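# A look at the structure
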Amino acid sequence: MRAGAVCPQCGSEKTPIKEKIMGQDTMDLICVDCNHIGWWKDFQPKEQDKVDN
């Protein structure tokens, strides 16, 4: 799921971490470089291409 993730904000290719609130997984990811929070799909390069084009 997170393999090949790219932050849509800063372009970081480091593996993002899962966001958890009160121990519950929110299904969002957090970029380890810029702290951008987004849906896991936002971090997928194929999905980013759909938005850009």
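Everything below is about the structure printed above this text.
Let me sum up the structure you'll find in this document. (Residues numbered from 1 in each chain as written. Predicted model: local features only at pLDDT ≥ 70, side-chain atom pairs only at ≥ 80, totals over all residues. Heavy atoms only, no water.)

Attention now goes to the sheet that holds strand 2 (residues 24-30). Taken in spatial order, the three strands line up as 1-2-3 in an open sheet, and their pairing is antiparallel. The open sheet terminates on both sides in strands that have one partner only, identified here as strand 1 (17-21) and strand 3 (37-39). In this sheet, adjacent strand axes meet at a mean angle of 55° when their direction is disregarded. Taken together, the three bridges between strand 2 and strand 3 define a ladder with antiparallel strand orientation. Residue pairing in the sheet places Ile 30 in a bridge with Ile 37 of strand 3. (Pairing = 2+ DSSP bridges. Helix = DSSP H or I, 4+ residues; strand = E, 2+ residues; numbered from the N terminus. Axes fitted to C-alpha atoms, helices over the stretch in contact; angles between N-to-C directions.)

Turning to unusual backbone geometry, a few remarks are in order. Of note, the phi angle at Met 22 is positive, near 50°, even though the residue is not glycine. Here Met 22 falls in the exposed class, since its relative accessible area comes to 83%. Backbone geometry at Asn 35 places phi at a positive 65°, although glycine is not the residue there. As for its position among the elements, Asn 35 is in the loop between strand 2 and strand 3. (Buried < 20%, exposed > 50% of the residue type's maximum accessible area, 1.4 Å probe, protein only.)

Before going further, it helps to examine the side chain of Glu 19. With respect to the element layout, Glu 19 can be found in strand 1. The side chain of Glu 19 is buried and forms no salt bridge, while Lys 20, the nearest opposite charge, is found at 11 Å. Setting aside chain neighbours within four positions, we find Glu 19 in contact with Gln 24, Asp 25, Thr 26, Asp 28, Ile 30 and Ile 37. (Lys, Arg positive; Asp, Glu negative; His and termini not counted. Salt bridge = Lys/Arg side-chain N within 4 Å of Asp/Glu carboxyl O. Contact = heavy atoms within 4.5 Å.)

Let's shift gears to the pattern of salt bridges. Using the criterion set out here, one finds two salt bridges in the structure. Of the charged contacts in the structure, one is a salt bridge between Lys 18 and Asp 25, with a shortest N-O distance of 3.8 Å. Judged by relative accessible area, which is 34%, Asp 25 ranks as partly exposed.

It is worth spelling out the pairing of strand 2 at this point. Here strand 1 runs beside strand 2; their pairing, made up of four bridges, is antiparallel. From the neighbouring strand, Lys 18 faces strand 2, where its bridge partner is Leu 29. Turn length for the strand 1-strand 2 hairpin, with the two strands adjacent in sequence and antiparallel, is two residues, and the turn residue Met 22 shows positive phi of about 50°.

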